[in-house]
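Chain residues, written in single-letter form:
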Protein chains: 2
Amino acid sequence: MKPTVHDIARHAGVSLATVDRVLNGRAGVRGITRQKVEEAIASLGYVRDLAAANLAKGRTYRFSFVLPVNDNSFMIGLKREVEAAIGRSAAERTHMDIIEVPAFDAGALVAALEAVMADKPDGVALVAIDEPRVRACVERLADAGIAIVTLVSDLGASSRHHYAGIDNIAAGRTAGNLMGRFLSKVDDRVGVLAGSMMVRDHRERLEGFLSVLSEDFPQVAILPVMEARDDAGVAEAMVREALRRHVGLNGIYSLGAGNRGLIRALRDLAAETRPVVIAHELTTSTREALVDGTIDAVLNQDAGHEVRSAIRVLKAKADGLPVLAAQERIRIDIFLKDNLP
Amino acid sequence: MKPTVHDIARHAGVSLATVDRVLNGRAGVRGITRQKVEEAIASLGYVRDLAAANLAKGRTYRFSFVLPVNDNSFMIGLKREVEAAIGRSAAERTHMDIIEVPAFDAGALVAALEAVMADKPDGVALVAIDEPRVRACVERLADAGIAIVTLVSDLGASSRHHYAGIDNIAAGRTAGNLMGRFLSKVDDRVGVLAGSMMVRDHRERLEGFLSVLSEDFPQVAILPVMEARDDAGVAEAMVREALRRHVGLNGIYSLGAGNRGLIRALRDLAAETRPVVIAHELTTSTREALVDGTIDAVLNQDAGHEVRSAIRVLKAKADGLPVLAAQERIRIDIFLKDNLP
DNA sequence: GAATTTTTGAGGTACGTAAATCAAAAATAG
DNA sequence: CTATTTTTGATTTACGTACCTCAAAAATTC
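Residues numbered from 1 in each chain as written. Chains lettered and ligands numbered in written order. Predicted model: local features only at pLDDT ≥ 70, side-chain atom pairs only at ≥ 80, totals over all residues. Heavy atoms only, no water.

1. Here we look at the packing of aromatic side chains
Counted only if it meets this: Pairing of aromatic side chains here covers Phe, Tyr and the six-membered ring of Trp, requires ring centres within 6.5 Å, and sorts the geometry by plane angle: under 30 degrees stacked, over 60 edge-to-face, intermediate tilted. The classification of residues rests on relative accessible area computed with a 1.4 Å probe and restricted to protein chains. Under 20% of the type maximum is buried, over 50% is exposed, and intermediate values are partly exposed. Here a helix means four or more residues in a row that DSSP labels H or I, a strand means two or more in a row labelled E, and each is numbered from the N terminus. Each ring is checked for a lysine NZ or an arginine CZ that lies within 6 Å of its centre and within 35 degrees of its normal; such an atom marks a charge sitting over the ring.
The full count for this structure, using the stated rule, is five aromatic pairs over all chains. Ring geometry for Y61 of chain A versus F63 of chain A: centroids 6.0 Å apart, planes at 35 degrees, classification tilted. Residue F63 of chain A is classed as buried on the basis of its relative accessible area of 1%. Centre to centre, the rings of F182 of chain A and F182 of chain B are 6.0 Å apart; their planes meet at 45 degrees, and the pair counts as tilted. On the criterion of chain membership, the pair formed by F182 of chain A in helix 8 (residues 168-182) and F182 of chain B in helix 8 (residues 168-182) is interchain, its members lying in two chains. On the basis of relative accessible area, F182 of chain A is assigned to the buried category, the value being 6%. Stacked on the ring of Y61 of chain B, the Lys or Arg K315 of chain B has its end atom at 5.4 Å from the ring centre.

Dropping the structure here:
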């Protein structure tokens, strides 16, 4: 049987009250007595029953998710996953809410975080914007004893406790490796379709992609980056234009959103002249394109995993427990048409 | 505030005892009364507090892991993950033990399962051998009300409740797709290194691999399968022999264990003449080979995830709770040298 | 050694649920 | 209508921990 506080009391020859004082760091225990209790705890291998403790404390976890209002499939899916988690949280003693802020607006994000801080939740998960004001604000939250997890997009050199998202440099490198190997290896020219170079994830993906191509596939020429601001219409126009101008264009890496437009532009091409295409995020449209051969590979981050991981980490931090790094690592999924879920 | 049993009693105008009878399916409640209580439960949105319930019941989960004694890195890692989970389970009310059985021995596996059944655990996870006697035995365990999860290797058409492992046909197809695209596309010859065609995973991987190659890359010729019985020494000899005999061999798919031998055989080759190599399971040696370019891609199943998923599922089944399919899907990881964890 | 402060013990209540007992009430059978 | 059975209520204890109070004991100060 698992030892309880009663066992410790008996074993240490003290009362239950004293054990409680030691366990919960309350004052009024002599050093010698404290030591006796601690020895008993160690020798019996006592671990506090968190469920019973939370029940007694009437503890409830309160977490806030600060998400950007964004109409791309990924962000919509992310919000849906948070809502699903909220739906399931009825059974657990967890209250979560979603706070929506305008996308790419650091000021609005900071304002939202300040508001969140006011009602002192146990933890906050946010899709970060990598900006000094945001970093400073996160610092304040952390100082206020609130657990902070960045979601999808990280914050450089800040006091966030955890990042639930993929390594975007590695993702870009992976795309570069696949691109280099999928190409026919003669006179290759590759285009990159991005959302905006203002966003950290996109910058990092591009960085990784370019570095692998230049290191391992120096024969590949890279065209100027197309910035389509994650807009399908703009993306379509840009890709059409690029295909027209560069007849030998035989590779496209789409590292942002707006893939619907890219796919529309590609569908017109004959299968033989189709470039190798690698895109990000598995959505209805990229999935379809993968199946019918318009896209060759999709790199994906699983929004559901990210949300569940964020919640696990917030809970662990709130309890002062360690996090299982291996479990919480968000992986870069590589989907070909043969391993679709 | 979350409604409690007291709220239900008040709302339904019955006593606590009656609510308890309804909630726990005890006899002695008239249909009309039962209905009143159920309506109160529905209208208040009551969900039983599992932590409190388990505390009151003094419930402990007892699970058994039946693992093959096998000296390859993957199985050693799997066992280590189970041990790690056992180590963490101190905090939860969960008792788990590991039962080791000789590998590839259906009789021994059945005997072990029978022994396990004798002390009536709440759940059993096993690395299955796809064999009629095993299927029948699993059937008996399930009938005895024990939750059954197959781990890594599944059981066809049986009454196991869940499979915590990858789709091996999809894994083989993925390997085939990557192989077809990585090859130079002229006069390609590919060798397959397997453990044994007696094992379901290996058969399925081969099946998927061959079907993709014949569908999408018909110009690729496939040499007879080398069965190295997951032994590094045998694998090394076979690969050396194949490389000697078939000068144009430019692709190798290693779908089983014993990669250490494969890598030894490959290291002797000049980088230019090195075939495209795709292997399974990320271990110290395959990881090293990936980094130095001896292996081009590694397909992996995360043993840690499989074990944690198995435990979550066993617990859910023991509680009669639904399983979150999206969370429990074990993914086929594709590792290139650029996205190593 | 007395007065004061600090430490410890004993005991209770609470959290939300399970499970039991026994008596009271209601329904059904004869 | 009585006897019997079934249903319901009231109450209690328990799970393991937290947190509180009050008194007793021990240590410290003067």
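2. Considerations on the domain arrangement of chain A
All names here are of chain A. Rule in force here: Each domain's limits were defined by an automated method or a database of domain assignments. By convention, the term buried area covers the 1.4 Å-probe accessible surface removed from two parts as they join, with the contributions of both added. Whenever Lys or Arg places a side-chain nitrogen within 4 Å of a carboxyl oxygen from Asp or Glu, that contact is recorded as a salt bridge. Polar contacts, as used here, are pairs of N or O atoms within 3.5 Å; protein pairs need one atom able to donate a hydrogen and one able to accept it. Residues neighboring in sequence count only if both atoms are side-chain atoms. We call Asp, Glu, Lys and Arg charged. Ala, Val, Leu, Ile, Met, Phe, Trp, Tyr, Cys and Pro are nonpolar, and the rest, Gly among them, are polar.
Looking at the assigned domains, one finds that chain A contains domain 1 (5-48), domain 2 (59-165 + 303-330) and domain 3 (168-300). Here the C-alpha centre of domain 3 lies 30 Å away from the C-alpha centre of domain 2. Buried area between domain 2 and domain 3, both sides added, is near 670 Å², and the carbon and sulfur share of it is 51%. Across the contact surface, domain 2 and domain 3 share one salt bridge. R200 is the partner of D130 in a salt bridge, and the nearest nitrogen-oxygen pair spans 2.4 Å. At the junction of domain 2 with domain 3, the criterion picks out two residue pairs in polar contact (both at pLDDT 80 or more). Of the residues that constitute the side of domain 2 that touches domain 3, the class distribution is four nonpolar, four polar and two charged.

3. Digging into helix 8 of chain B
All names here are of chain B. The cut-off we apply is this: Here the expected length of a helix is defined as 1.5 Å per residue gap, with one fewer gap than residues.
Between the first and last C-alpha of helix 8 there are 21 Å, a value that for 15 residues agrees with the 21 Å anticipated at 1.5 Å per step. Among the 15 residues that make up helix 8, 14 are buried, leaving the element largely enclosed by the rest of the structure. Between a side-chain oxygen at the N-terminus of helix 8 and the backbone nitrogen of I169 the separation is 3.1 Å; the capping residue is D167.

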